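# Tertiary structure, described
Listed below are the residues making up each chain.
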Amino acid sequence: MDQGRSHRIRRRLLRAGHFIGLFLAMAAICLPGLWVVLNSFRPTVEIMAKPPVWIPTELNLDNYRAMFGGIGEGGVPVLTYFRNSLVISLTSTVIALLVGMAGGYAFARYRIPGKSAIFVGLMVTRAVPGVALSLPLFILYGRLGIIDTHFGMILVYVALNVPFTIWLIDGFFRQVPKELAEAAEIDGCTRWQAFWKVEFPVARAGIASAGIFAFLTSWNEYALASQLTRSLNSKTMPVGLMDFTSQFTLNWGGMCALAVLMILPALVLTFLVQKHLIAGLTFGGVKG
Amino acid sequence: MAEVVLRDVVKNYGALPVVHSINLDIAHGEFVVLVGPSGCGKSTTLRMIAGLEDISGGTVRIGDRVVNDLPPRDRNISMVFQNYALYPHMTVRENLGFSLHIARRSKADIERAVADAADILSLTPLLDRKPGQLSGGQRQRVAMGRAIVRHPDVFLFDEPLSNLDAKLRTQMRVEIKRLHQKVGTTIIYVTHDQIEAMTLADRIVIMRDGHIVQIGTPLEVFERPVNAFVATFIGSPPMNLLPATVTGGALRLADGTTLPLPPGLSARDGRALHFGVRADNIMPEGHAMPPTSHMAYADMPVTLTEPLGTETLLFGTLAGTEVQAKMLNPRPVRAGEVLRFGIALDKCHLFDAATGASLRV
């Protein structure tokens, strides 16, 4: 009896410990983001205050108003940056997904001589830090004349994302039993139809998650974009953040406001696709 | 509906031959079971008929068309896979109607065909579920339903029951046989389970190492196995094989026991053989079928018993080899008890010790 009670108490304590641990971990992850959101609504004085003002005394939209305002009033071409970011990220994601699907499917389904070597080779490209490529890319792009173009940025991000999408999508196609496609072929499909009508829908959730990763990589990338974009032609939002720095001052409030605008679409997209991910797969079609 | 003819069909994986020159004629409406141990090439043969594997040599004909180079969709076949391969993102209704949908049949047509198939297999209440919400037996029935909606020339079954538990397997076996009686389509069925083969087949094709060993009706392969492999593979428990030598026109077992040669069989002196006797033909006196005119008797200690209700399997040692015998109208038997067994010699077999070939053929 007594033993049972002490066991119960221990279990409760353990559970409480888990909650506290989780709370601390989540706080460490979320606080910087929340701080950015909070700062975007606060005047610079309060942001810079020492000791920090934890509980805001005044919240307003001044930073946002200024950001969308004219030049001279602290305005930056937010909409142009946003459009550039969107065009570059979406296009590169779509291309990376198409290439990733083709590659991932081939890796998952076909015997290719030297398959594992090719695969490792693809992964190794991910080991090179992106910044290390910035100078060679800059020189190359300079010669080709594609610095400061959407095309140039899309090309970089496709190259950055393709190994990753191939790797992820390969994994998802491996989980789709090959008998599904065979059954579809016997049911009258061509190879192509079998893919689009059966294998693709079944692996769709996985492909969507690869899409999120690719999109977020392009959307958030700063190091290469800061080198390869020059003007309103192609500057993306992360690069746009630097507009808030000037020789002697840093407009933290404005920067935070733009950062919030950057986070929002990514957040919305993730939520949209996440629902899809969870609703996704029950591999009930075959015996596990 | 159509006949299926395999002529010198060969399958190589690279330099490795897995199916050696198979010849097989399957009549229209026949239920043929390919059976053999794993790796014998039976599934590969089925997949070549389906068009899922390239044919390395020979021809496969379905009806009056050679289908070697036709893709699966043009062969008018349907297949039930071991893991069912139901489309997980579609409901049962969509799964059943998929082939007709691909063939661009009218909505009304598809609905009617799906309703018919669902009716035959009692799937009607499940039509709006997804495969993930079905039990193993129900998935199996959906897979069969998907095969029958399109009225193919040939049904192919690739070990369809091996993922089911024993009870359900027996039940589905009956359903498959009933389905065949109802639709009368040619069926080619692959299994490694000899009981499935015996119970379902019009004709059994026994394969081993990429060769066909024997083709025959279930009773033919049971009663007249061409070699020791078939004799031990077909029938449960497997046929007992006792090493023996022919001495003075009689069989001399390893421990010196002599038995007369089974009637109708002869062999020259000194020939090394295996004496084959099924458990059904070696029974303790007083618990056996009425003795025939060709009985031999031997004493054997019982080491283990397996009571099955109407009969008990007795394990004993005869001439140094473990032997399984059957006891009808069983009484309790203690381990170690020595019983006198009668052997019905006219039902026994002799196989060449080296080649395994039966002396009866």
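Preceding this section is the structure that the text describes.
Summary of the structure given here.

Procedures and definitions
- Residues numbered from 1 in each chain as written.
- Chains lettered and ligands numbered in written order.
- Predicted model: local features only at pLDDT ≥ 70, side-chain atom pairs only at ≥ 80, totals over all residues.
- Helix = DSSP H or I, 4+ residues; strand = E, 2+ residues; numbered from the N terminus.
- Rg over C-alpha atoms; globule rule 2.2 N^0.38 Å.
- Buried ≥ 20, exposed ≤ 12 C-beta atoms within 10 Å, placed from the backbone.
- Contact = placed C-beta atoms within 7 Å.
- Nonpolar A, V, L, I, M, F, W, Y, C, P; charged D, E, K, R; others polar.
- Pairing = 2+ DSSP bridges.
- Expected span 1.5 Å × (residues − 1).
- Arc of directions from axis to C-beta.
- Axes fitted to C-alpha atoms, helices over the stretch in contact; angles between N-to-C directions.
- Parallel < 35°, antiparallel > 145°, perpendicular 65-115°, else oblique.
- Left-handed = near helix turned anticlockwise from the far one by under 90°.

### Focus on the overall build of chain A
A tally of regular secondary structure across chain A gives 12 helices and zero strands. For chain A, the N- to C-terminal ordering of α and β elements is α-α-α-α-α-α-α-α-α-α-α-α. Relative to its length of 288 residues, chain A is extended, with a C-alpha radius of gyration of 24 Å against a globular reference of 19 Å. Along the first, second and third principal axes, the C-alpha atoms of chain A reach 80 × 70 × 30 Å. Split into buried and exposed, the 288 residues of chain A put 31% on the buried side. Put simply, of all contacts in chain A between residues at least 6 apart along the chain, 73% involve residues at least 24 apart.

### Some points on the interface of chain B and chain A
Counting residues at the interface gives 27 residues for chain B, matched by 21 residues for chain A. Of the residues that constitute the side of chain B that touches chain A, the class distribution is 17 nonpolar, eight polar and two charged.

### Some points on the pairing of strand β4 (residues 57-62) of chain B
All names here are of chain B. Of the pairings in the sheet, the one linking strand β1 (residues 4-13) to β4 comprises five bridges and is antiparallel in character. Bridge assignment links Leu6 to a residue of β4, and that residue is Val60. Here two bridges tie β4 to strand β5 (residues 65-66), and the two strands are oriented antiparallel to one another. When the sheet's bridge partners are listed, Arg61 is paired in β5 with Val66. Here β4 folds back onto β5, and the loop between the two strands holds two residues, one of which, Gly63, carries a positive phi near 65°.

### What about helix α5 (residues 166-183) of chain B?
All names here are of chain B. With 18 residues, α5 should reach 26 Å at 1.5 Å per residue; the first-to-last C-alpha distance of 26 Å fits that figure. Those residues of α5 that sit buried are Met172, Ile176 and Leu179. Each buried residue of α5 lies within a common arc of 60° when the element is viewed along its axis, so the set occupies one face. With respect to the buried face of α5, the exposed residues turned more than 90 degrees away are Ala166, Lys167, Val174, Arg178 and Gln181. Among the structural elements, α4 (136-148) and α6 (194-200) are those in contact with the buried residues of α5.

### Details of the sheet that holds strand β10 (residues 211-216) of chain B
All names here are of chain B. Read across the sheet, six strands follow the order β6-β7-β8-β3-β9-β10 without closing on themselves; strand pairing throughout is mixed. The sheet is open, and its two edges are formed by β6 (77-80) and β10, each paired on a single side. In this sheet, adjacent strand axes meet at a mean angle of 20° when their direction is disregarded. As paired strands, strand β7 (residues 154-158) and strand β8 (residues 186-191) are joined by five bridges and run parallel to one another. Following the sheet pairing, Phe155 is matched in β8 by Ile187.

### Digging into the pairing of strand β9 (residues 203-208) of chain B
Residues and elements named next belong to chain B. Summarising the sheet, strand β3 (residues 31-35) and β9 pair through four bridges and their orientation is parallel. Across the sheet, the residue bridging to Val35 is Ile206, located in β9. Bridge count between β9 and β10: five bridges; the pairing is antiparallel. What sits directly across from Met207, in β10, is Ile212. Connecting β9 to the antiparallel partner β10 that follows it, the hairpin turn spans two residues, and Asp209 within it adopts a positive phi of roughly 50°.

### Considering unusual backbone geometry
The amide bond that connects Lys50(A) to the next residue, Pro51(A), takes the cis arrangement and shows omega of -5°. Assignment of secondary structure puts Pro51(A) in the loop between α2 (44-48) and α3 (62-68). Here the residue pair Ser236(B) and Pro237(B) is connected by a cis peptide bond, since its omega of -5° sits within 30 degrees of zero. Mapped onto the elements, Pro237(B) comes out in the loop between α8 (228-233) and β11 (240-247). At Arg104(B), a residue that is not glycine, the phi angle is positive and equals roughly 55°. On the neighbour-count criterion, Arg104(B) (9 C-beta atoms within 10 Å) is exposed. Look at Glu159(B): it is not a glycine, yet its phi comes out positive at around 40°. Relative to the helices and strands, Glu159(B) resides in the loop between β7 and α5. With 20 C-beta atoms packed within 10 Å, Glu159(B) lands in the buried category.

### Quick notes on the packing of helix α2 (residues 92-102) of chain B against α4(B)
Residue and element names in this part refer to chain B. For the pair α2 and α4, interaxial distance at closest approach is 7 Å and the crossing angle is 30°. The angle between α2 and α4 places the two elements in the roughly parallel class. As for the relative orientation of α2 and α4, their crossing is right-handed in sense. In this structure, α2 uses Val92, Asn95, Leu96 and Phe98 to contact α4, whose residues at the interface are Val142, Gly145 and Arg146. Within the contact of α2 with α4, the residues separate by chemical class into four nonpolar, two polar and one charged.

### Quick word on the sheet that holds β4(B)
All names here are of chain B. Ordered in space as β2-β1-β4-β5, the four strands form an open sheet in which the pairing is antiparallel. This sheet does not close on itself; its edge strands, each paired only once, are β2 (16-26) and β5. With seven bridges joining them, β1 and β2 adopt antiparallel strand pairing. Within β2, the position partnered with Asn12 by the bridge is Pro17.

### Looking at the packing of α4(B) against α5(B)
Residue and element names in this part refer to chain B. Contact pair α4 / α5: the axes reach a minimum separation of 11 Å and the direction vectors enclose 20°. In terms of orientation, α4 and α5 fall into the roughly parallel class. Between α4 and α5 the crossing geometry is right-handed. Contacts between α4 and α5 pair Gly136, Gly137, Gln140, Met144 and Ile148 from the former with Leu168, Met172, Leu179 and Val183 from the latter. Across the contact of α4 with α5, the residue classes tally to six nonpolar, three polar and no charged.

Nothing here speaks to function; it is all geometry.
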